[in-house]
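# Summary of the model geometry
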Amino acid sequence: MSRFPASPSDRQSDGRDIAPPSTAARALGRTPLGRAASRGVAVGAVAVLLTGVGASADAASDTAPGDPVVSGATINSGHDVIVGITHNVQFPVTVTGSDDSGLSFADVDLKGPHGGFYTTDAFCETATACTTVFTVNAHPAPGGDDPVDLANANAGTWSVDALVDANDGTSVFAPGVGSFGLKRAGQVTVNASPEPVAKGARITVTGKLVRANWDTYRYAGYAGQAVQLQFRPKGSSTYTTVATVNTSGTGTLRTTVKAVKDGYWRWSFTGTNTTGPAKAAGDYVDVRP
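Residues numbered from 1 in each chain as written. Predicted model: local features only at pLDDT ≥ 70, side-chain atom pairs only at ≥ 80, totals over all residues. Heavy atoms only, no water.

### Some points on the pairing of strand 8 (residues 89-98)
Of the pairings in the sheet, the one linking strand 6 (residues 69-75) to strand 8 comprises 6 bridges and is antiparallel in character. Residue pairing for strand 8: Ala73 is matched across the bridge by Val95. In this sheet, strand 11 (residues 129-136) lies alongside strand 8 in antiparallel orientation, the contact comprising 8 bridges. Residue pairing for strand 11: Val93 is matched across the bridge by Thr132. (Pairing = 2+ DSSP bridges. Helix = DSSP H or I, 4+ residues; strand = E, 2+ residues; numbered from the N terminus.)

Following this line, the structure appears as structure tokens:
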């Protein structure tokens, strides 16, 4: 996506004094990469990365009688947006509200650490809901030198501002109508040995926790994180936590446990404010009398 140093304070509740994304792209000599589109009768809109975004919600005007009302926003169906280093990730943002004439279209701003995205004129699929689909990535475009959308500094908690227009021509700017986590993807591996093992002997369980590095387009060890060692007996569908181990400076994990019964061992990481959760596939150990 092109970088566009526009201030969200330019957005007014009675107009849309925003330079078109294509104009911003030409000014910086770049082509917009990310796209956003609404469901239903929506038309496409360009999502543009804003760098150095400051506080904009403070500039919102008071809602006047007869103006549309924005009740909230749902991002990615209520889930965190987790991005790795290989594939584009799409996620919907639905702004809901009401007006006597029905909602017409909305501009949506996403603001987070060290940046943000916006869309323009996403037409509403119903009289009370307007949905825009954002596309983000943390990898270079294949065969090109186009910039990626995300850097490590962008991970964290993001908020949603919405400028919503009604069919009767009225509009309202609603800051902070929703929030979500934009997180780096995590992965964890596991190995339990020896296999098979005598009952009562010690099992060594190792693994490694890594997370996506949006700056280098690689996965790297995640140091100093608490990870749960879990066990699922053969014939059961439920894992139980038996120990918690902190990762080393390189993200590695290691502990020993007593072999009691046949079953599966795995590492489970609950995630942080910047990194998504991760669970390893269970490693089966046959315990013999």
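What follows picks up the thread again.
### Examining unusual backbone geometry
What is expected of a backbone is that most residues other than glycine have negative phi and most peptide bonds are trans. Going from Ser193 to Pro194, the amide bond is cis rather than trans, its omega being 5°. Of note, Pro194 is situated in the loop between strand 15 (191-193) and strand 16 (197-198). For the bond from Glu195 to Pro196, the omega torsion is -5°, close enough to zero to count as cis. Summarising the element assignment, Pro196 is placed in the loop between strand 15 and strand 16. You will see that His114, though not glycine, has its phi angle at about 60°, which is positive. Mapped onto the fold, His114 is located in the loop between strand 9 (103-112) and strand 10 (115-123). Of note in this structure, Tyr217 is not a glycine but carries a positive phi near 65°.

### Here we look at the state of the cysteines
Applying the stated criterion to the full structure yields 1 disulfide. The residue that forms a disulfide with Cys124 is Cys130, at a sulfur-sulfur distance of 2.0 Å. Handedness of the Cys124-Cys130 disulfide follows from its S-S torsion of about 75°: it is right-handed. Using a relative accessible area of 7% as the deciding quantity, one classes Cys124 as buried. Of the residues examined, Cys130 reaches a relative accessible area of 2% and is grouped as buried. (Disulfide = S-S within 2.5 Å. Buried < 20%, exposed > 50% of the residue type's maximum accessible area, 1.4 Å probe, protein only.)

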